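# Commentary on secondary and tertiary structure
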Amino acid sequence: MKLGDGVEQAIHSVTMLSCLQPGSTLSAAALAEFHGVSTSYLLKHLQAMSGAGLLEAVSGPKGGYRLARAPEKITLLDIVLAVEGPEPAFRCNEIRLRGPNPYTCKPAAPCTINVAMLRAEQAYRAELRRVTVAGIIADLKTIDGDGAIAARTNGFLALHERKSGTAA
């Protein structure tokens, strides 16, 4: 299964936004700069996550994005579904009904390949549902022994975090 680049960017952005002080925002341009990605491409995913209720878009000169839910209430599945949509990765097109020797009538049983793929998708989604942004932050803190990751993030936020704003 291949997820688009937007999923990685979205997860990193949500993780970064979870480091903001309450009421603060970060602009799409600042998030893109921090991660070295295209602002316009990232903005598309930030808007999708805002539409899904994961982020809050704040307008005005102190505007930007912030979490709409607590980090422990946002799962990786929430982010993936916001960016990629709810459709399953595998879509059975019933090709067993085509070709030179197709089934001549509609089969009574579902396609066993489709059943297996949907079962795998359910397991994948269950794992993504289990992992929260708060869990990712906790894991990050355990591997950041010398504090370099925190220092990099905090240094960037000190320059770019917008301390107040009103909801859009």
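Residues numbered from 1 in each chain as written. Predicted model: local features only at pLDDT ≥ 70, side-chain atom pairs only at ≥ 80, totals over all residues. Heavy atoms only, no water.

## Here's the deal with the side chain of serine 24
Going by this rule: Note on conventions: DSSP H or I runs of at least 4 residues are helices, E runs of at least 2 residues are strands, and numbering of each starts at the N terminus. Here the term buried applies to any residue with accessible area under 20% of the maximum for its type, exposed to any over 50%, and partly exposed to those in between, with areas from a 1.4 Å probe on protein chains only. Any pair of nitrogen or oxygen atoms within 3.5 Å is treated as a polar contact; in protein, a donor-acceptor pairing is required on top of that, and neighbouring residues in sequence qualify only through side-chain atoms on both sides. Only heavy atoms matter for contacts: two residues are in contact if any of them lie within 4.5 Å across the pair.
Examined against the element boundaries, serine 24 turns out to sit in the loop between α1 (5-17) and α2 (28-35). Under the relative-accessibility criterion, serine 24 is labelled buried at 2%. A polar contact is formed between the side chain of serine 24 and the side chain of glutamate 161, at a distance of 3.0 Å. With residues near it in sequence (within four places) discarded, serine 24 still touches Tyr65, Arg66, Glu161, Arg162 and Lys163.

## Some remarks on the environment of alanine 109
Of note, alanine 109 is situated in the loop between α4 (76-84) and α5 (112-130). Linking alanine 109 and serine 50, residues 59 residues apart in sequence, is a C-alpha distance of 41 Å.

## Focus on the nonpolar core
Stated precisely, the cut-off is as follows: In this text, buried Ala, Val, Leu, Ile, Met, Phe, Trp, Tyr and Cys residues form a nonpolar core when linked through side-chain atoms within 4.5 Å.
The biggest cluster of nonpolar side chains holds 32 residues, and the ones touching the most others in it are Val14, Leu17, Leu26, Leu46, Met49, Leu55 and Ile79. Put simply, the parts of the chain that give this core at least two residues each are α1, α2, α3 (39-51), β2 (64-67), α4, α6 (133-143) and α7 (148-160). Excluding its chain neighbours within four sequence positions, the residues that come into contact with methionine 49 are Ala10, Val14, Leu54, Leu55, Ile79, Ala82 and Val83.

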